[in-house]
Amino acid sequence: MEKWYVAAKKADFDGWARKFGITPVVARILRNRDLTGEEEVEKFLRGTLADCYSPWLLKDMDRAVEEILAAIEQGIRIRVIGDYDVDGICSSYILTKGLGVLGARVDTAIPHRIHDGYGLNDHLIQKAHQDGIGMIVTCDNGIAAAPQIELANSYGIKVIVTDHHEVPFCMELPDGPAGDTAAEGSPGEKRQSPVAGRTPEEIALSRTAAQGETWEREHSGRTARRELLPPALAVIDPKQEQCGYPFSGICGGVVAYKVTAALAERTGSGALAEAMEELVEFAALSTVCDVMELKDENRILVKEGLKRLRRSRNPGLRALMEVNGIEPERLGAYHLGFVIGPCLNATGRLDTAKRALELLQSAGKTEAMTAARELKELNDSRKNLTIRGVEQAERYLCDHHMEQDKVMVIYLPEVHESLAGIIAGRIREKYHHPVFILSRGEEGVKGSGRSVEGYHMYEAMTRVKQYFTKFGGHAMAAGLSMREADIENLRRDLNADCLLEAEDFIPKVHIDVPMPLEYADGKIADELEQLEPFGVGNPKPLFAQKNLRFFAGYKMGANKTCARYRVQTEGGYGAQLVFFGDLERFGAFLEEKYGPGSENALYEGRGNFDISVVYQIGKNTYRGKTEIQYVMQYYA
């Protein structure tokens, strides 16, 4: 079971309630989203695109706009090079569309996940040279592609980098009284730059190894960090130390959107200003699908993007909604992240992401519907492959007796390498342990890891880096390449090194407000709609009710996978509680707490069980009737 925690952040809740016309309950929720002042609350509740930050605050924006407009005026061929995930696809669409509106001779290239790997590579640069490209504009990649950009420079190709990923860096040690510095290595020895001579994928996966090697020295104050920026004409990335942009948590699609906004402002193009209304849709889609926190301007962009998406004129997006049975007027962040996004992602996982870009660029409905159906079929195939992969992972855990493993290292050689991260996430969610899913790639074993709170996955990997040919990541996720012969040694050493205790594997539930069901009325449900869209950084609020009495229940749905229960509070308030979770697990809980036969008794209407629940509230409309809906999330 989970550990429950009640948020206890302080603020003038009554004052906020009066000023913004909300209940103190909703004021508490806003404080739990780390809002501290009235200006922040105002922006959160009522912010518009006018409240977003100026694109000119991004470092190198002036230079980038100047170079791009000069290339357009001179008729230089421009190639936008993106990435194969949703953020990369949408970024590519935004820049290609924006440049095209300005009359640029522009086309797009997206690398193949298996054959090219992430971001720029020598092949893409050489192809651009052969095609007579004079300028490359990257999106959602490029910050770690110094060797490839040097190659482009040698061909006379100008490069503009637009990215949002971490900037590669090296650690330098003091060298002598004069204060000279040396990169990692012995005093006075200059080491080769960590990016020199490597492919972008190697840089992306191994650049953090340098961080790991110097982690202890960095924390002892003996090293200095130096950014390694690529030799492009302009580098736009809010993660740069010298970038003064107020909010660095934007995705590649938003960076591309900002570049296009700057171009629209500088040129005064009415056509591009009009196109920006559509492009904000793609900035919103990128933000949700790249799992950015829905805070600050991200929240505004997604909120405004959803408004426009509901009446989108883009044939490809409308076709994707139609084939997935989404009513445009009911489109929400959930649909972006779990329906639309996966369809676009599936092409990059199982085929080529160019198909997704072609869908978005469709000229008419017939063409778009054909492409949308193909993408949905690919995503359905991906879902089936994922289900089978999760089943294989479960069997592997059992067959290899991993019940006592703190870190689960699972080798599934036949699983498509592009699905490793998804499967790792599913296993992590079920067992709440750090998980690595390994598969057999074209060049050895590849894998992805997903972590839990309290286990810094990247730091743990640096302590066993001898087993990896390439690796990288951060606290909660990682990617790697290694030799098959080292898998068991990796499992052994990761577990020997892991300091997590039994309590660390218990999920934490953060409750916004303890509140009886009778207080969760229509007014609060209406106000909660003002807090949408929900997602990472702005989760749907959680409430708690102690000793809720369960009298009866019945299972619903074609496969009887959800249920509705008749319950009553201690104050005598009766309500219906819906549960979409694991019914088998809930039944086992009842049997353990109240004895054999308890589950049957509940579904036969003979229940009399006191259960504390964590719940969410919302509205449910069925056959034209709207009612308050209470949804159980956790129980104890």
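Predicted model only: the values in this text are computed from it and were never measured.

**Q** Even after reading the chapter, I still don't get helix 1 (residues 13–20), so can you show me in this structure?
**A** In an α-helix, one full turn covers 3.6 residues, which means residues spaced three or four apart are oriented alike. Three or more residues of helix 1 are buried, namely F13, G15, W16, A17 and F20. Looking at the buried positions of helix 1, the neighbouring elements they touch are helix 2 (24–32) and helix 3 (38–46). Where helix 1 terminates, the next one or two residues include G21, which has phi positive at roughly 65°.

**Q** Whenever I open this one, the pairing of strand 20 (residues 609–622) confuses me. Can you help?
**A** Along any regular strand the residues' side chains alternate between the sheet's two faces. In the sheet, strand 17 (residues 543–556) pairs with strand 20 via six bridges, with the strands oriented antiparallel. By the bridge assignment, F550 is partnered in strand 20 with F609. Between the antiparallel neighbours strand 20 and strand 21 (residues 625–635) lie two residues, among them R623 with a positive phi of about 55°.

**Q** Just checking my understanding: could you explain the pattern of salt bridges for this structure?
**A** For side chains of opposite charge, pairing can occur when their charged atoms come near one another. Enumeration over the complete set of coordinates arrives at 39 salt bridges. K430 is the salt-bridge partner of E394, the closest N and O atoms lying 3.0 Å from each other. Note that E394 is positioned in helix 16 (residues 365–399) and K430 in helix 17 (residues 420–431), a separation of 36 residues in sequence. By relative accessible area, E394 is classed as partly exposed at 22%. The exposure class of K430 is exposed, given its relative accessible area of 56%. With its nearest N and O atoms 2.1 Å apart, the salt bridge here joins D526 to K619. In this pair, D526 is assigned in helix 20 (residues 522–529) and K619 in strand 20, connecting sequence segments 93 residues apart. Assessed through its relative accessible area of 38%, D526 is described here as partly exposed.

**Q** For this particular structure, what's the right way to read unusual backbone geometry?
**A** Geometrically, the link from E532 to P533 is a cis peptide bond, its omega value of 5° lying close to zero. Structurally, P533 can be placed in the loop between helix 20 and strand 17. Even without glycine at this site, D34 takes up a positive phi of about 70°. The topology assignment puts D34 in the loop between helix 2 and helix 3. Non-glycine residue V291 carries a positive phi angle of around 55°.

**Q** Just to check I follow, could you spell out the sheet that holds strand 3 (residues 105–109) for this structure?
**A** Strand pairing in a sheet relies on backbone hydrogen bonds, with the paired strands running either antiparallel or parallel. The five strands are arranged 3-2-4-5-9 in an open sheet whose pairing can be described as parallel. Each edge of the open sheet carries a strand with a single partner, namely strand 3 and strand 9 (234–236). Put simply, the sheet's adjacent strands are angled 20° from each other on average, direction ignored. Of the strand pairs in this sheet, strand 2 (residues 77–81) and strand 4 (residues 135–138) are connected by four bridges, and their pairing is parallel. Looking at the pairing, V80 lines up with V137 of strand 4.

**Q** Looking at this model, I keep getting lost on the packing of aromatic side chains. Mind explaining?
**A** The description of an aromatic ring pair uses the distance of the two centres, along with the angle that the planes make with each other. Under the defined criterion, the tally for this structure stands at 15 aromatic pairs. Taking the centre distance of 6.0 Å and the plane angle of 45° together, the rings of Y565 and Y603 count as tilted. Here Y565, found in strand 18 (residues 562–568), pairs with Y603, found in helix 22 (residues 598–603); they are 38 residues apart in sequence, far enough to count as distant. Y565 gets classed as buried once you look at its relative accessible area, which sits at 0%. Measuring from centroid to centroid gives 6.1 Å for F586 and F589, while their planes differ by 20°, and the two rings are stacked. Here the residue F586 and the residue F589 both occupy positions in helix 21 (residues 583–594), the gap between them amounting to three residues, near one helical turn. By relative accessible area, F586 is classed as buried at 0%. Taken together, the aromatic side chains of F550, Y565, F579, F586, F589, Y603 and Y635 make up a single cluster linked through ring pairs. It is R299 that lies over the ring of F44; its NZ or CZ is 3.7 Å from the centre. Positioned over the ring face of Y603 is K555, at 5.1 Å from the centre of the ring.

**Q** Is there a simple way to explain the confidence of the model for the protein in this structure?
**A** Close inspection of predicted coordinates is inappropriate for parts of the model with low pLDDT. Taken as a whole, the protein shows an average pLDDT of 88; of its residues, 90% reach a score of 70 or greater. Within the model, pLDDT remains below 50 along residues 176–220, and this stretch shows 90 contacts once partners closer than five positions in the same chain are excluded.

**Q** Even after reading the chapter, I still don't get the side chain of D290, so can you show me in this structure?
**A** Considering the arrangement of structural elements, one finds D290 in the loop between helix 11 (270–289) and helix 12 (296–309). When near neighbours in sequence (up to four residues on either side) are disregarded, D290 contacts D85, D87, H164 and C251.

**Q** So what exactly am I meant to see when it comes to the nonpolar core here?
**A** Where a protein is soluble and globular, its nonpolar side chains tend to be buried together. Ranked by size, the top nonpolar core spans 81 residues in total, and within it L285, L320 and L344 carry the most contacts. By size, the runner-up hydrophobic cluster in this structure holds 45 residues, among which are I22, A27, F579 and Y615.

**Q** What is the right way to look at the environment of G557 in this model?
**A** Note on placement: G557 falls in the loop between strand 17 and strand 18. Linking G557 and I149, residues 408 residues apart in sequence, is a C-alpha distance of 55 Å.

**Q** Help me understand the packing of helix 1 against helix 2 in this model?
**A** A pair of packed helices can be characterised by two numbers: the angle between their axes and the separation between those axes. In the contact formed by helix 1 and helix 2, the axes pass within 8 Å of each other and the chain directions differ by 110°. Classified by the angle their axes make, helix 1 and helix 2 are roughly perpendicular. On helix 2, the residues touching F13, D14, W16 and A17 of helix 1 are P24, A27, R28, L30 and R31. Its residues assigned to classes, the contact of helix 1 with helix 2 comprises six nonpolar, no polar and three charged.

**Q** Sorry if this is basic, but what is going on with the environment of A144 here?
**A** By the secondary structure assignment, A144 is in the loop between strand 4 and helix 7 (146–154). Distance from A144 to L229, taken between C-alpha atoms, is 7.5 Å for residues 85 residues apart in sequence.

**Q** Looking at this structure, how should I read helix 5 (residues 86–101)?
**A** Between the first and last C-alpha of helix 5 there are 22 Å, a value that for 16 residues agrees with the 22 Å anticipated at 1.5 Å per step. Most of helix 5 sits out of view: 13 of its 16 residues are buried. Directly after helix 5, the chain includes G103, whose backbone phi takes a positive value near 90°.

The rules behind these values
- Starting from 1, residues in each chain are numbered consecutively following that chain's sequence as written.
- Reporting in this predicted model follows two pLDDT cut-offs: at least 70 for local features of residues, and 80 or more for side-chain atom pairs to be given and counted; totals over whole chains, interfaces and linings ignore these cut-offs and use all residues.
- For side-chain calculations, the full set of non-hydrogen atoms in the structure is used, while hydrogens and water are omitted.
- Relative accessible area decides the class of each residue, using a 1.4 Å probe on protein chains only: under 20% of the type maximum gives buried, over 50% gives exposed, and in between gives partly exposed.
- To qualify as a helix, a DSSP run of H or I must reach at least 4 residues; to qualify as a strand, a run of E must reach at least 2; elements of each kind are numbered from the N terminus.
- We call two residues in contact when some of their heavy atoms are within 4.5 Å.
- When DSSP finds at least two bridges between two strands, those strands are taken to pair.
- Note on definitions: salt bridges are taken to be side-chain nitrogens of Lys or Arg within 4 Å of carboxyl oxygens of Asp or Glu.
- Here an axis means a line fitted to C-alpha atoms, over the contact stretch when the element is a helix, while the angle between two N-to-C directions is reported on a 0 to 180 degree scale.
- Under the pairing criterion, centres of Phe, Tyr and Trp rings, with the six-membered ring standing for Trp, must be within 6.5 Å; the plane angle then separates stacked pairs below 30 degrees from edge-to-face pairs above 60, leaving the rest tilted.
- Throughout this description, the term charge over a ring refers to an Arg CZ or Lys NZ atom that lies within 6 Å of the ring centre and within 35 degrees of the ring normal.
- The score called pLDDT rates the predictor's confidence residue by residue, from a low of 0 to a high of 100.
- Here, the term nonpolar core denotes a set of buried Ala, Val, Leu, Ile, Met, Phe, Trp, Tyr and Cys residues that are joined through side-chain atoms within 4.5 Å.
- Oblique is the label for any angle not under 35 degrees, not over 145, and not in the 65 to 115 range, which are roughly parallel, roughly antiparallel and roughly perpendicular in turn.
- Only Asp, Glu, Lys and Arg are considered charged in this grouping, and only Ala, Val, Leu, Ile, Met, Phe, Trp, Tyr, Cys and Pro are considered nonpolar; every other residue, Gly among them, is considered polar.
- How far a helix is expected to stretch is found by multiplying one less than its residue total by 1.5 Å.

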